[in-house]
Amino acid sequence: MLRFDAALALLRQSGQAEPSAARGSVAYLQALIDQLVDLSSRDVLTGLANRRSFELALAREVDRVARSAEPALLLMIDIDHFKRINDSHGHAAGDLVISAVAKALSDSVRPMDLAARIGGEEFALLLPNCPTAFGPQVASRVRQRVARQAVTLPSEGRRLSVTVSVGGAFAPQWVRSTPGIWLQRADQQLYRAKAEGRDRCCLEQPAAGSVSRQEREMLLGGPVIQDLR
Amino acid sequence: MSESVHPGRAMARVIAVTSGKGGVGKTFVSANLAAALARAGQRVLVLDADLGLANLDVVLNLCARVTLHDVFGGRAELADALQPAPCGFTVLLAGSGLLEYSRMTPVLHDRLVEVVDAVRPDFDIVLLDTGAGISDVVLFTLSLADELLVVVTPEPTSLTDAYAAIKLLATTQAARPVRLLVNQAQQRGQGLVVRAQLQQVLDRFVNPPLDQPLQLALLGEVPYDAAVRESIQQRLLLLETFPGSPAAVGIAAAAGKLLPP
């Protein structure tokens, strides 16, 4: 005896209709599973992909890029001074801002891209097949799109604009890598954007293998090495 | 990765040998390290992963009947390309001048992954002797390894190139044990100094934002030794020709530290 009540209640609550196939049929079960999978991969507030499905997509993309070397861009996006919005306008206003940013993000990318909400005010965009030269353009388009979109607060009757900081890194090409490393590199750029004053985009520079003058001087400055020169 | 309950059936540790700069003795180290490990009872394979300019065959004075090239091209089975080397280890030769494999392609990616996965069950240690530099092919080969061995000489150019390679690995690839072998050391203890010098710069410029800071371990130092040149000229392993030479003793000590506890 199969029990559907809990699943159906969940789906109804999320606005989905009961599958139209005959109850208990394979088609019915498949439709039910599909609806539950969809539900468990979406963020409740914004309808974007949630952290779980984002991590799955990221792992898939890392494996794909490893053997195709197709450039893929990961953008991490954080709403600037979000705590201030919550504190001065209330959590309901905070939720409205999050939904508005989510909409701006999904409107600013291609259908093949993945927009996800991965934390409170933190979002990610995964852009497969994004040429390296387009990176800065894509990132700033996303940032500007959010800045242009004002949120109307019904309780106060006024409009509120928010900005975002954007950090990005391209997937390592041709190497076996992990989603964690990619995420960490994009996150570093997000921290940089925050530290440099927010409302801006920072992308990792491709020449990560270069050695700066300071590095070289410190490396070759030791006593033994100097003796040999 | 799961550990096998049967030690005899455990999967090989794949150790990539790299250097950044060319001409620091990478292939010499790989071959002699393999010989020392084989003497210690390990089943060792050296895979010549310098696909563009392979020269393991030259170092070992071997003539490859079947090469990695033939295996990649589907003209031969992998098992037929495995060939015994002096001192009881096995080699998989690339065949020199494979220009078509000097750049990464999806086909090369899949073939190399297949070959490395296929040899794992039959050996205890697989050494990937990579090419010089930090080309796509080298970086990809390094990403296939469980452990990394960086060969460096105490010269400014070698140190700088090794640092650049280590930095790139730390920031773009999964964290793994990275060991350092200081070749052509001019004085005793120079290995420690070179390691400390590299570590200091990594700690200052590379490690701060990393989740797992990179800690270099010193595998050993091989002193500058005229016997090395002599063995290379004769195209023989140093461990065979001058087993008591300071460089051979250094290699053997390094091999001892690579053995499982």
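It should be emphasised that the depicted structure is a prediction, and the values quoted were computed from it without experimental measurement.

Just checking my understanding: could you explain the overall build of chain A for this structure?
Along the backbone of chain A there are nine helices and seven strands. Radius of gyration (C-alpha) of chain A: 22 Å, far over the 17 Å computed for a compact globule of 229 residues. Taking the principal axes of its C-alpha atoms as reference, chain A extends roughly 85 × 50 × 30 Å. Restricting the contact set of chain A to residue pairs at least 6 apart, pairs at least 24 apart contribute 65%.

Looking at this structure, I do not really get the environment of E61 of chain A. What am I missing?
All names here are of chain A. Examined against the element boundaries, E61 turns out to sit in helix α3 (residues 51-68). Residue classification places E61 among the buried positions, given that 20 C-beta atoms sit within 10 Å. In this structure, the C-alpha to C-alpha distance between E61 and Q30, residues 31 residues apart in sequence, is 27 Å. Contacts of E61, omitting those with residues within four sequence positions, involve A72, L126, P128 and A171.

Explain the packing of helix α1 (residues 5-13) of chain A against helix α2 (residues 26-40) of chain A here, please?
Angle between the axes and distance between the axes are the two parameters that describe a pair of packed helices. All names here are of chain A. The geometry of α1 relative to α2 is characterised by a closest axis approach of 11 Å and an angle of 55° between their N-to-C directions. It follows from the interaxial angle that α1 and α2 lie oblique. As α1 runs across α2, the sense of the crossing is left-handed. Of α2, the residues touching α1 (which contributes A7, L10 and L11) are L32, Q35, L36 and L39. Looking at side-chain class alone, the contact of α1 with α2 contains six nonpolar, one polar and no charged residues.

Any chance you could explain the sheet that holds strand β1 (residues 73-79) of chain A here in plain terms?
In sheet architecture, strand pairing relies on hydrogen bonds along the backbone and comes in two forms, parallel and antiparallel. Residues and elements named next belong to chain A. One open sheet holds the five strands; their spatial order is β2-β3-β1-β6-β7, and the pairing between them is mixed. One side of each edge strand has no neighbouring strand; the edge strands of this open sheet are β2 (114-117) and β7 (201-203). Strand-to-strand, the axes of this sheet are offset by a mean angle of 15°, without reference to chain direction. By the bridge criterion, three bridges tie strand β6 (residues 164-170) to β7 in an arrangement that is parallel. Across the sheet, the residue bridging to G168 is L203, located in β7. Where helix α6 (residues 135-148) meets the sheet, it contacts β1, β3 (122-127), β6 and β7, and its direction lies at approximately 160° from that of β6.

How should I be thinking about the interface of chain B and chain A in this particular structure?
Frequently, the measure chosen for interface size is the accessible area removed from exposure when the parts meet. Chain B puts 33 residues into the contact, and the matching count from chain A is 26 residues. Elements with a contribution of two residues or more to the side of chain B that touches chain A: α5 (106-119), α6 (136-143), α7 (156-172) and α8 (190-205) of chain B. By residue number, the principal contributor to the side of chain B that touches chain A is α7 of chain B, which donates nine residues. Residues belonging to the side of chain B that touches chain A are distributed by class as follows: 17 nonpolar, 10 polar and six charged.

Mind showing me how you'd approach unusual backbone geometry here?
Note: most residues except glycine have negative phi, and most peptide bonds are trans. Residues and elements named next belong to chain A. Unlike most non-glycine residues, N129 shows phi in positive territory, near 50°. Its location among the elements puts N129 in the loop between β3 and α6. C-beta crowding within 10 Å serves as the criterion here: with 14 such atoms nearby, N129 is assigned to the partly exposed category. Phi is positive for W174, close to 65°, though the residue is something other than glycine.

Explain the pairing of strand β7 (residues 178-185) of chain B here, please?
Moving residue by residue along a regular strand, the side chains alternate between the two faces of the sheet. All names here are of chain B. Burial analysis of β7 places eight of its eight residues in the buried class, the great majority of the element. Bridge count between strand β6 (residues 147-152) and β7: five bridges; the pairing is parallel. The residue of β7 that forms the bridge with L149 is R179. Tracing the backbone out of β6, into α7 and back to the parallel element β7 gives a crossover that is right-handed. Pairing analysis gives seven bridges linking β7 to strand β8 (residues 216-223), with the strands arranged parallel. Looking at the pairing, L181 lines up with G220 of β8. The β-α-β motif built from β7, the intervening α8 and the parallel element β8 has right-handed crossover chirality.

What should I look at first to understand helix α1 (residues 26-39) of chain B in this one?
Residue and element names in this part refer to chain B. Here α1 spans 20 Å end to end across 14 residues, near enough to the 20 Å set by a 1.5 Å rise per residue. Burial runs high along α1: 13 of the 14 residues are buried. Backbone geometry just downstream of α1 places G41 in the positive-phi region, at approximately 95°.

Would you mind going over the sheet that holds strand β1 (residues 13-18) of chain B with me for this structure?
Residues and elements named next belong to chain B. Overall, mixed pairing links the eight strands, which are arranged β3-β4-β2-β5-β1-β6-β7-β8 in an open sheet. Each having just a single partner strand, β3 (82-84) and β8 make up the two edges of the open sheet. For this sheet, the mean angle separating the axes of adjacent strands, direction not counted, is 25°. Sheet strands in contact with α1 are β1, β2 (44-49), β5 (125-130), β6 and β7, and its direction is about 170° off that of β5. Along the sheet face, helix α11 (residues 246-258) touches β7 and β8 and points at about 155° away from the line of β8.

Help me understand the domain arrangement of chain A, please; the structure alone is not making it clear to me.
What the domain assignment reports for chain A is domain 1 (5-40) and domain 2 (51-203). Here the C-alpha centre of domain 2 of chain A lies 31 Å away from the C-alpha centre of domain 1 of chain A.

Is there a simple way to think about the nonpolar core in this case?
Across soluble globular proteins, nonpolar side chains show a tendency to be buried alongside one another. Membership of the largest hydrophobic core comes to 146 residues, with the highest contact counts inside it found for L75 and V101 of chain A together with L127 of chain B. Per-element tally for this core: the top contributor is α1 of chain B, with nine residues. If we skip the residues at most four places from it in the chain, L127 of chain B touches I15, V17, S30, L33, A34, V44, V46 and L47 of chain B.

Rules used in this analysis
Residues numbered from 1 in each chain as written. Chains lettered and ligands numbered in written order. Predicted model: local features only at pLDDT ≥ 70, side-chain atom pairs only at ≥ 80, totals over all residues. Helix = DSSP H or I, 4+ residues; strand = E, 2+ residues; numbered from the N terminus. Rg over C-alpha atoms; globule rule 2.2 N^0.38 Å. Contact = placed C-beta atoms within 7 Å. Buried ≥ 20, exposed ≤ 12 C-beta atoms within 10 Å, placed from the backbone. Axes fitted to C-alpha atoms, helices over the stretch in contact; angles between N-to-C directions. Parallel < 35°, antiparallel > 145°, perpendicular 65-115°, else oblique. Left-handed = near helix turned anticlockwise from the far one by under 90°. Nonpolar A, V, L, I, M, F, W, Y, C, P; charged D, E, K, R; others polar. Pairing = 2+ DSSP bridges. Right-handed = clockwise from strand over helix to strand, strands pointing away. Expected span 1.5 Å × (residues − 1). Domains from an automatic or database assignment. Core = buried A, V, L, I, M, F, W, Y, C linked by C-beta atoms within 7 Å.

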